[in-house]
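Geometric and topological summary
Single-letter residue listing:
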Amino acid sequence: GKRKSWSASVMYDSDDSEGSDILVRKVAAKRRCILDDDESSEERQPDKTCPTENVSASRKQKVLAKLKELFRQSAARRSCSSANCEDSNSEAPVEGEPLCQLPLTPSEGSETDSSSIEDFIVEEEEDDDDDDDVDNTEHVKSENQPHQKQPNPSNSELLAHYIPQLYRCDHYVHFKRIVKAFLINAIDDTFLGSLYDGTRQKKYAQDMLLSLHYLDNRFIQPRLENLICRSRWKDRYKERVDCYPDVHISLKNTEMMSCQACEMKRCCKFSVLLSGRLYNSKTLEVDDFMSDDKQVLKVGVVCANRTRVYHNLKHFKYKLYMDCSSLAHLDGVEDEPVKDTVERLFSHLEESGWIQKKYNDLEDYMEDADSFQEEK
């Protein structure tokens, strides 16, 4: 049944004499109810949460009268025992102003007061004890229920929480999914396109798509933006580096000239050779338009180093896919289901340490980008 409880109240002596408005210490007791002397028994409405219908009208009148008498006696004792009683009365608050509700200290009360108050506290009937026990049990169950519904954390989540330095395990899981997706696309070149256009909705496909987004948006793109915002590169140079997946940086004769990356006057001694075919950054499909086009640019030492770091990260995904594609084409096994071929190739790459090596390369590229100093 619904739990029935009697709430505790704060009582005032509403006598009109000065100094008689005395705040009474709040009584915090379980399943107790104290009636306010501000309201007459005729005006008091029954509380829905407190079963006052079980208390007779005469009992309420009797309790109310005893409480009034008790607090009048308490007020009289305090006013008489005060050494500066007249001063405090003259400084009584003006009628209508709220009293400063300071809690009473234990020394301000008396043992008689506390014992007398206990005599007038109406105890809840014992037959409600069973209801309390049932309600408490239901309350405990309701508090524990959300915890029971929560799924158990995986090992990777526990490692991430308690051993943050091993959080790279989650990153490595993403990386392995990407390798598997690239192996599938190497055999079926429509796979990546179907991931991005939403055609494939199975869990394994959605996990692969999540990992691809993770690689782009968490690993690579923030670091590329950081490298650019701290550089003086011109947009034209950045676009060239973005478009060509192959780069070769070589040392040449030093010349005092305008750097072709930042257009600042520098001692330029590095030649940057950009080449390769343009490709789609999501599906990784190549565009054969002007496939033999090349760009040669002479830059300073800082721009040359930044070009190397930026290019490694920018085109890492494409290079990884090209490596996976080469391995799949060199396999030579025919008349085998795509799933079996991918699982076999993936297991071989994982056991041989090839996947771990590629992941280590990615970590090195990210570390180079994080540690690259701002250009002076």
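Residues numbered from 1 in each chain as written. Predicted model: local features only at pLDDT ≥ 70, side-chain atom pairs only at ≥ 80, totals over all residues. Heavy atoms only, no water.

- If you check an unreviewed UniProt entry, the chain appears there as CCD82 protein from Hylia prasina.

**Focus: the sheet that holds strand β3 (residues 246–258)**
- The strand order across the open sheet built from three strands is β3-β4-β7, with neighbouring strands paired in antiparallel fashion. The outermost strands of the open sheet, each flanked by one partner alone, are β3 and β7 (295–299). The sheet shows a mean angle of 25 degrees between the axes of neighbouring strands, direction not considered.
- As paired elements, strand β4 (residues 265–275) and β7 share five bridges and run antiparallel to each other. Paired with V272 across the two strands is L297, which belongs to β7.
- Of the strands in this sheet, β4 and β7 touch helix α9 (residues 235–243), which is tilted by about 130 degrees from β7.
- In the packing of helix α10 (residues 301–314) onto the sheet, the strands contacted are β3, β4 and β7, and the crossing angle to β3 comes to about 165 degrees. (Pairing = 2+ DSSP bridges. Helix = DSSP H or I, 4+ residues; strand = E, 2+ residues; numbered from the N terminus. Axes fitted to C-alpha atoms, helices over the stretch in contact; angles between N-to-C directions. Contact = heavy atoms within 4.5 Å.)

**What to know about the pairing of β3**
- The pairing of β3 with β4 spans ten bridges and is antiparallel. Counted as the bridge partner of E255 is C268 from β4.
- The hairpin turn running from β3 into β4, its antiparallel successor, is six residues long, and E263 in that turn takes a positive phi close to 60 degrees.

**Focus on the nonpolar core**
- One finds V179, F182, V299 and L320 to be the most contacted residues of the largest nonpolar core, which totals 59 residues.
- At ten residues, the largest contribution of residues to this core is made by helix α8 (residues 203–229).
- Other than its neighbours up to four places away in sequence, L320 contacts F175, I178, V179, F182, W354 and K358. (Core = buried A, V, L, I, M, F, W, Y, C linked by side-chain atoms within 4.5 Å. Buried < 20%, exposed > 50% of the residue type's maximum accessible area, 1.4 Å probe, protein only.)

**Remarks on the side chain of T341**
- With respect to the helices and strands, the residue T341 is situated in helix α12 (residues 338–351).
- For T341, the contacting residues outside a window of four places in its chain are I187, D331 and E336.

**Overview of the packing of α10 against helix α13 (residues 354–371)**
- Contact geometry of α10 with α13 gives a least axis separation of 9 Å together with a crossing angle of 140 degrees. Relative to α13, the element α10 is oriented oblique. In this structure, α10 crosses over α13, and the sense of that crossing is left-handed. Listed contacts from α13 to R308, V309, N312 and L313 of α10 are L362, Y365, M366, D368 and A369. (Parallel < 35°, antiparallel > 145°, perpendicular 65-115°, else oblique. Left-handed = near helix turned anticlockwise from the far one by under 90°.)

**Things to note about helix α11 (residues 316–330)**
- With 15 residues, α11 ought to run about 21 Å at 1.5 Å a step, and its terminal C-alpha atoms sit 21 Å apart, in line with that.
- Burial in α11 covers these residues: F316, K317, Y318, L320, Y321, C324, S325 and A328.
- At the C-terminal side of α11, G332 shows a positive phi close to 80 degrees. (Expected span 1.5 Å × (residues − 1).)

**Quick look at α13**
- For α13, which comprises 18 residues, the first-to-last C-alpha distance of 26 Å matches the rise-based estimate of 26 Å (1.5 Å per residue) to within 8%.
- Residues of α13 that are buried include every one of W354, I355, K358, Y359, D361, L362, M366 and A369, and no others. Taken down its axis, α13 places every buried residue within 150 degrees of arc, on the same side. (Arc of directions from axis to C-beta.)

**Observations regarding the confidence of the model for the chain**
- Scored by pLDDT, the chain comes out at a mean of 74, with 60% of its residues at no less than 70.
- Across residues 1–52, confidence stays below pLDDT 50; counting only partners more than four residues off in sequence or on other chains, it has 96 contacts.
- Note on residues 164–169: pLDDT is under 50 here. Beyond four places in sequence and across chains, it has eight contacts. (pLDDT = per-residue confidence, 0-100.)

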